[in-house]
Amino acid sequence: MTPEEFIKQLEADRTLAVVRAPAIPDAAELCRALAGGGIRTVELTFTTPDVLRHVKRAAETAAQHGAAVGIGTVLTGDQARAAIDAGAQFLVTPGLRPDVAAVATAAGIPFSLGAMTPTEVAQALDLGSQVVKIFPARQLGPAYIKDLQGPYPGIRLLPSGGIDAANAKSYLDAGAVAVCCGTSVVPPAAVAAGDWADISARAAAFTGILN
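Computed from a prediction, not measured in an experiment: that's the story for all the values here.

1. Here's the deal with the nonpolar core
Val 19, Leu 30, Leu 34, Leu 44, Leu 91, Ile 134 and Ile 199 are the most contacted members of the largest nonpolar core, which has 62 residues in total. Here this core gets 6 residues from one element, more than from any other, and that element is helix H2 (residues 27-36). Those residues in contact with Leu 30 that lie beyond four places of it in its chain are Val 19, Ile 24, Leu 44, Val 186, Val 191, Trp 196 and Ile 199. Grouped together as the second largest cluster of nonpolar side chains are 12 residues, Phe 6, Val 92, Val 131 and Val 177 included.

Here it is as C-alpha cells:
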C-alpha cells in the first residue's frame, strides 16, 4: 500500500479500526468481519500479544478479506522494521517518533504520527506524516479539529480516543479525514472470543452513521 492508496482508502471509508485485545483467535477472520462491515483499514497494536504473528496472518490472507492491515503503538525504529517485515502495510504511533518515521519513509510505507499541540502537528508534518493522528481527541473535541485547519489548511487529521457512534460524525463534519474507532466497534472481549458476527454488525452500524 502506497501513502496515496492509504489516504484514498481513509477518505473513502472515513474510519480506521484500532484493535486492542488480550488475544486474537484468527486475524484473518477479524479482518474479514471488519471489512464486511465496511472498515477496510485495520490497525493491530504492539500492546496485543503476538501482534507480529497476527499481522503476518492477516497480510498473507489479504486477498481473501480485502482489508489493509497495519500496526499501531509503534514506539521505536526496531519495532517499525519488525512490523514491516511481518507485512504491516502502514504504521501508527501515539506520539512523535522520528525513528519510526525514518524507517517507514525509507521503506515507502505510509505512516501516521500522533500529535496533540499545534507545534507537534507541525513536527509530524515535517517528519513526513501523511495523516496526523490527533490523540487523545476526547480531551478537546471536534472544535479543536476545526481550529487546527486554520494554520494548517488542507491537513489530513485522524482523531483517535473516545470516538463512538454518538460523536464520530461531528469529528468528520469538523474536517477530519477519518476517525479511529476502537472498543465500541471491536470490544476486546468480543475479539478474544472470536465473535466475528458481532464485530461485523458493530462495524456496519458504525460506518452507517458516517456518511
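2. Describing the packing of H2 against helix H3 (residues 51-60)
Where H2 meets H3, the closest approach of the two axes is 8 Å, and the angle between their N-to-C directions is 60°. Accordingly, the angle class assigned to the pair H2 and H3 is oblique. Crossing angle aside, the handedness with which H2 passes H3 is right-handed. The residues of H3 that touch H2, namely those facing Ala 27, Ala 28 and Cys 31, are His 54, Arg 57 and Ala 58. The residue inventory of the contact of H2 with H3, partitioned by class, reads 4 nonpolar, 1 polar and 1 charged.

3. Focus on unusual backbone geometry
With an omega dihedral of -5°, the bond running from Phe 135 to Pro 136 counts as a cis peptide bond. Within the fold, Pro 136 resides in the loop between strand E7 (132-134) and helix H8 (142-148). Here Thr 73, not a glycine, exhibits a phi torsion of approximately 55°, which is positive. Following the sequence through the fold, Thr 73 ends up in the loop between strand E3 (68-72) and helix H5 (77-86). You can call Thr 73 buried: its relative accessible area is 14%.

Scoring rules and cut-offs
- Residues numbered from 1 in each chain as written.
- Predicted model: local features only at pLDDT ≥ 70, side-chain atom pairs only at ≥ 80, totals over all residues.
- Heavy atoms only, no water.
- Core = buried A, V, L, I, M, F, W, Y, C linked by side-chain atoms within 4.5 Å.
- Buried < 20%, exposed > 50% of the residue type's maximum accessible area, 1.4 Å probe, protein only.
- Helix = DSSP H or I, 4+ residues; strand = E, 2+ residues; numbered from the N terminus.
- Contact = heavy atoms within 4.5 Å.
- Axes fitted to C-alpha atoms, helices over the stretch in contact; angles between N-to-C directions.
- Parallel < 35°, antiparallel > 145°, perpendicular 65-115°, else oblique.
- Left-handed = near helix turned anticlockwise from the far one by under 90°.
- Nonpolar A, V, L, I, M, F, W, Y, C, P; charged D, E, K, R; others polar.

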